[in-house]
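Residue strings, one per chain:
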Amino acid sequence: MQETSRRHTAKGKSIGFVPTMGALHDGHLSLIRRSKDENDIVVASVFVNPMQFGPNEDFDRYPRDIEGDREKLEKSGADVLFIPEAKMIYPQGFATRVHVDALSERLCGAFRPGHFSGVATVVCKLLNIARPTRAYFGQKDFQQTVVIRRMAEDLNIGVDIVVCPTVREPGGLAMSSRNAYLGAEERKAAGAINGALQAAASVLRSASGTVPEAVSAMKSVLDKEQLISEIQYAGVYDPLTLSEAADEGKEKLIAVAVKIGRTRLIDNILI
Ligand code: AMP
């Protein structure tokens, strides 16, 4: 992969890189298309990274469809598909971990200890392997984009991190490989996630709306949905620090993580 990148770079070509865990949907493909618009060569990777899953998480049952992925990537204009094996990424003796302080501990980090070190480590490695000009990530995983931007800047990786809008189903549910776990009733219930984000947004857009009012509007939408088994967080945050937002200040991140049955789903919007 490094050699392939070097060859293209030597010819003056720009490389756009889209790292994924596969089971691709239109959200992933929107990143491929954006990368195609902005670069000469598009490299996609499919790697279900064991380091970012906790011991009781869904690593073993995470959806995998490499043939389907290959076809979708080809149709969307990807030029190179990189599918490393875990033993190539983490050979015997592997001992290095990349950890982004503070940002990794907030929001999802509080519920998934070690997750963002796993993400930062693998993305750092993938960027060093693919050597892209630009790398593309979805806003759907907002905290991930913040952690990766920090890591890339702190470690002088020399890549432009591009964040692309969240692609949604017609009913507003954010596309996710994990939506495949949902039964029909659960999928309907998952509509409450976007409903809660919109409820908070409409409070904050009104002239007198406060952050606590927005948070309680969100919670009341989520509480009404019987199939939501756990609300991990639902709140309004500062998009730079991920700490709780004050009423003053410009841009705000409204973000949610819930469980529906065993399936953990996240979503967010910026206003
Ligand atoms: P994943 O395969 O879940 O690791 O996702 C790979 C990339 O696709 C990440 O940058 C995600 O943020 C992005 N992505 C996942 N779902 C969506 C979506 N619905 N819209 C936009 N980007 C997404």
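Caption draft 1: Just the layout of surface pockets, in detail. What the second largest pocket holds in volume is close to 520 Å³. Lining the second largest pocket are 24 residues, with Phe 142, Val 146, Asp 238, Pro 239 and Leu 240 positioned closest to its centre. Those elements that provide at least two residues to the lining of the second largest pocket are helix 7 (142-154) and strand 5 (160-164). Ranked by residues supplied to the lining of the second largest pocket, first place goes to helix 7 with six residues. A breakdown of the residues in the lining of the second largest pocket according to their chemical character gives twelve nonpolar, three polar and nine charged.

Caption draft 2: Molecular detail of the pairing of strand 2 (residues 41-46). For strand 2, the buried fraction is high: six of the six residues fall into the buried class. Burial along strand 2 is two-sided: the residues Ile 41, Val 43 and Ser 45 and Val 42, Ala 44 and Val 46 are all buried. Bridging between strand 1 (residues 15-20) and strand 2 involves six bridges; their strand directions are parallel. Paired with Thr 20 across the strands is Val 46, a residue of strand 2. Once the chain exits strand 1 it traverses helix 2 (residues 26-38) before rejoining the sheet at strand 2, and the crossover so formed is right-handed. Here strand 2 runs beside strand 3 (residues 80-82); their pairing, made up of three bridges, is parallel. By the bridge assignment for strand 3, Val 43 is matched with Val 80. Following the chain from strand 2 across helix 3 (residues 66-76) to the adjacent parallel strand 3, one finds a crossover that is right-handed.

Caption draft 3: A look at the domain arrangement of the chain. According to the domain assignment, the chain consists of domain 1 (2-164) and domain 2 (177-270). The distance between the C-alpha centroids of domain 1 and domain 2 comes to 25 Å. Taken together, the contacts link 21 residues of domain 1 with 18 residues of domain 2. A combined buried area of about 1,900 Å² lies between domain 1 and domain 2, and 57% of that area is made up of carbon and sulfur atoms. Taken as a group, Arg 61, Leu 107 and Phe 142 account for 33% of the area that domain 1 buries against domain 2, more than any other trio of residues on that side. Where domain 1 touches domain 2, the interface holds one salt bridge. Asp 58 is paired through a salt bridge with Arg 178; the nearest N and O atoms lie 2.8 Å apart.

Caption draft 4: Structural detail: the site of the ligand. Taken together, 17 residues lie around the ligand, and Met 21, His 28, Asp 141, Val 167 and Met 175 are the ones closest in. In this structure, Asp 141 approaches the ligand through a side-chain N or O atom, which is 2.6 Å from an oxygen atom. Between the ligand and Met 175 there is a distance of 2.9 Å, counted from a nitrogen atom to a backbone nitrogen or oxygen. For the ligand, whose free accessible area comes to 480 Å², the fraction covered by protein is 93%.

Caption draft 5: Local environment of the sheet that holds strand 8 (residues 263-270). Across the sheet, three strands lie side by side as 6-7-8; this open sheet has antiparallel pairing. Of all strands in the sheet, those with a lone pairing partner are strand 6 (228-237) and strand 8, marking the two edges. The mean angle between the axes of side-by-side strands here comes to 10 degrees, regardless of whether they run parallel or antiparallel. Strand direction decides the pairing type here: strand 6 and strand 7 (residues 253-260), joined by eight bridges, are antiparallel.

Caption draft 6: The arrangement of the pattern of salt bridges in detail. Tallied over the full model, the rule gives twelve salt bridges. Between Lys 87 and Glu 85 there is a salt bridge, and its shortest N-O distance comes to 2.8 Å. The network of salt bridges with common partners includes Arg 150, Glu 153 and Asp 154.

Caption draft 7: Focus on the pairing of strand 1. Judged by how many residues are buried, strand 1 sits mostly within the fold: six of six residues are covered. Burial along strand 1 is two-sided: the residues Ile 15, Phe 17 and Pro 19 and Gly 16, Val 18 and Thr 20 are all buried. In the sheet, strand 1 pairs with strand 4 (residues 134-138) via two bridges, with the strands oriented parallel. Counterpart to Gly 16 in the pairing with strand 4 is Arg 134.

Analysis parameters
Residues numbered from 1 in each chain as written. Predicted model: local features only at pLDDT ≥ 70, side-chain atom pairs only at ≥ 80, totals over all residues. Heavy atoms only, no water. 1 Å grid on protein atoms, 1.4 Å probe; cavity = no way out; pocket = protein on both sides within 12 Å on 5 of 7 lines; lining within 4 Å. Points joined across faces, edges and corners; volume = space filled by probe spheres on them. Helix = DSSP H or I, 4+ residues; strand = E, 2+ residues; numbered from the N terminus. Nonpolar A, V, L, I, M, F, W, Y, C, P; charged D, E, K, R; others polar. Buried < 20%, exposed > 50% of the residue type's maximum accessible area, 1.4 Å probe, protein only. Pairing = 2+ DSSP bridges. Right-handed = clockwise from strand over helix to strand, strands pointing away. Domains from an automatic or database assignment. Contact = heavy atoms within 4.5 Å. Buried area = accessible area lost by both parts, 1.4 Å probe. Salt bridge = Lys/Arg side-chain N within 4 Å of Asp/Glu carboxyl O. Near = heavy atom within 4 Å. Polar contact = N/O pair within 3.5 Å; in protein donor to acceptor, adjacent residues only side chain to side chain. Areas by Shrake-Rupley, 256 points an atom, 1.4 Å probe, with all protein chains shown as cover. Axes fitted to C-alpha atoms, helices over the stretch in contact; angles between N-to-C directions.

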